[in-house]
Amino acid sequence: MAEENVNGVVYFELNTGAKMPSIGLGTWQSEPGLVGNAVEIAVKAGYRHIDCARLYENENEIGVALKKLFDEGVVKREDLWITSKLWNTDHAPEDVPVALEKTLKDLQLDYVDLYLIHWPLWKKTAGADPGSLSASHIPSTWKAMEALYDSGKARAIGVSNFSSKKLEDLLSYARIHPAVDQVECHPGWQQAKLRAVCQANGVHFSAYSPLGSPGTTWMNSNILKHPILTMVAEKLGKSPGQVALRWGIQNGQSVLPKSTKEARIKENLDIFGWSIPDDLFCKFSEIEQRRQLRAEFLVHENGPYKSLEELWDGEV
Ligand code: NDP
Ligand code: 1BO
């Protein structure tokens, strides 16, 4: 995947030929009333990529902010990269285009640049009924995703939270190969195996929670306080957050840091035009590894994934 530099930001070329900005603003847990402002600040600061999802229940407010930015001439639609995701309740093939239409309506857009299957699990009914969970349907859901690609309403399609095995299974039958696998990745969960599988198959590896999701209290993440990160940050005169993001970019992955605070949104963009030298970069291999978003809520004795081992195919 070739890299090119546009206005200081590195872009990665996907298997569709499209060029995706390597940094995108995350919007999970961005509160109503704050997320629209965060999008405006980010785009004005130079972000050209916003990571959204129906689950986040804020696409409507993001849509209002995008319309304002277009109307004011701050940015053109074709210069922005918008990702959204198909939620777990919408995997029935007939529901897939309906879900995208809802997202497009909320975002006030005609197309998304990338549409992802959010998780490899279909929750057929609302509530906690484990009998409604399915995983064997992924081929038919993917066909419906391919139809969205054919229609032009999703200019690229991909997956999220797919392990190496689940990605390879999909690649074995997909007419249109996934362009992206968006997964957790940061110095405390480096995913070397999945990165190699993505690279070997021309699937772009995109890193969510690139700062380790420090605000998600139930995860107890403190990777930004790890002594290796703070040491590298001090040596380079950067913040630990910038070092974590730069580490991702140097690995060839896009990074999706979330913030609703202006100073951090700007700080997180200042990760180009400098690099972590080899002697410090190699130190990251010493960091102990632990997946943060383990997704226990998708594991059930009567569901398709009876353990975290099964959900992540051993990558846990
Ligand atoms: P991040 O790793 O981006 O961390 C976000 C947290 O870090 C927030 O609490 C933010 O607080 C804080 N923060 C932001 N910048 C800095 C900084 N420079 N220094 C210190 N703290 C900082 O976590 P997320 O889990 O939100 O992941 C990012 C995005 O990835 C999501 O928002 C979402 O778009 C996507 N994602 C996708 C998933 C999927 O299943 N596909 C799962 C999880 C995330 P504040 O806002 O107060 O600045
Ligand atoms: C379950 C959390 C997913 C965020 O994208």
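Refer to the structure printed above.
Quantities reported herein were computed from a predicted structural model and do not represent experimental measurements.

### So, unusual backbone geometry
So, point 1. We note that Ser-209 has phi near 45°; this positive angle belongs to a residue other than glycine.
So, point 2. Examined against the element boundaries, Ser-209 turns out to sit in the loop between β12 (204-208) and α7 (227-236).
So, point 3. By relative accessible area, which is 13% here, Ser-209 ends up buried.

### What to know about the sheet that holds strand β6 (residues 81-86)
So, point 1. The strand order across the open sheet formed by eight strands is β4-β5-β6-β7-β10-β11-β12-β13, and the pairing between neighbours is parallel. Edge positions in the sheet fall to β4 (25-26) and β13 (254-255), since each has one partner strand and no second.
So, point 2. Two strands pair when backbone bridges link them, and strand β10 (residues 157-160) and strand β11 (residues 180-184) are joined in this way by two bridges, in the parallel orientation. Looking across to β11, one finds that Val-159 is bridged to Asp-181.
So, point 3. Most of the contacts of helix α4 (residues 138-151) go to β10, to which it runs at about 140°, and overall it touches β6, β7 (114-117) and β10.

### Observations regarding helix α2 (residues 59-71)
So, point 1. Between its first and last C-alpha, α2 extends 18 Å over 13 residues, near the 18 Å set by a 1.5 Å rise per residue.
So, point 2. All of the buried residues along α2 are Glu-59, Ile-62, Gly-63, Ala-65, Leu-66 and Leu-69. End-on view of α2: buried residues confined to an arc of 165°, all on one side of the axis.
So, point 3. In this structure, the buried residues of α2 make contact with α1 (35-45), β6 and α3 (96-107).
So, point 4. At the C-terminal side of α2, Gly-73 shows a positive phi close to 75°.

### A few points about the environment of Gly-152
So, point 1. For Gly-152, the location among the structural elements is in the loop between α4 and β10.
So, point 2. Note: C-alpha distance between Gly-152 and Tyr-11 (141 residues apart in sequence) is 22 Å.

### A word on the site of ligand 2
So, point 1. Neighbouring ligand 2 are the residues Trp-28, Leu-55, Tyr-56, His-118 and Phe-297.
So, point 2. Within the side chain of Tyr-56, a nitrogen or oxygen atom sits 2.5 Å from an oxygen atom of ligand 2.
So, point 3. His-118 places a polar side-chain atom, nitrogen or oxygen, 2.8 Å from an oxygen atom of ligand 2.
So, point 4. Compared with its free state, where it exposes 220 Å², ligand 2 has 88% of that area covered by protein.
So, point 5. Broken down by class, the residue content of the shell around ligand 2 amounts to four nonpolar, one polar and no charged.

### Overview of the site of ligand 1
So, point 1. Near ligand 1 you find 30 residues, and of these Asp-51, Ser-213, Lys-258, Ser-259 and Lys-261 are the closest.
So, point 2. The side chain of Ser-213 places a nitrogen or oxygen atom 2.6 Å from an oxygen atom of ligand 1.
So, point 3. Against a free-state accessible area of 910 Å², the protein chains account for coverage of 92% of ligand 1.
So, point 4. Looking at which element gives the most residues to the shell around ligand 1, the answer is helix α9 (residues 262-269), with three residues.
So, point 5. Grouping the amino acids of the shell around ligand 1 by side-chain chemistry returns eleven nonpolar, 13 polar and six charged.

### Considerations on the packing of α1 against α9
So, point 1. Orientation of α1 relative to α9, taken along the N-to-C sense of each, is 35°, at an axis distance of 10 Å. As α1 packs across α9, the resulting crossing turns out to be right-handed. Contacts between α1 and α9 involve Ala-38, Ile-41, Ala-42 and Ala-45 from the first element and Glu-262, Ile-265, Lys-266 and Leu-269 from the second.
So, point 2. Taken together, the residues of the contact of α1 with α9 sort by class into six nonpolar, no polar and two charged.

Reading the values: rules and limits
Residues numbered from 1 in each chain as written. Chains lettered and ligands numbered in written order. Predicted model: local features only at pLDDT ≥ 70, side-chain atom pairs only at ≥ 80, totals over all residues. Heavy atoms only, no water. Helix = DSSP H or I, 4+ residues; strand = E, 2+ residues; numbered from the N terminus. Buried < 20%, exposed > 50% of the residue type's maximum accessible area, 1.4 Å probe, protein only. Pairing = 2+ DSSP bridges. Contact = heavy atoms within 4.5 Å. Axes fitted to C-alpha atoms, helices over the stretch in contact; angles between N-to-C directions. Expected span 1.5 Å × (residues − 1). Arc of directions from axis to C-beta. Near = heavy atom within 4 Å. Polar contact = N/O pair within 3.5 Å; in protein donor to acceptor, adjacent residues only side chain to side chain. Areas by Shrake-Rupley, 256 points an atom, 1.4 Å probe, with all protein chains shown as cover. Nonpolar A, V, L, I, M, F, W, Y, C, P; charged D, E, K, R; others polar. Left-handed = near helix turned anticlockwise from the far one by under 90°.

Read these as geometric descriptors, not functional statements.
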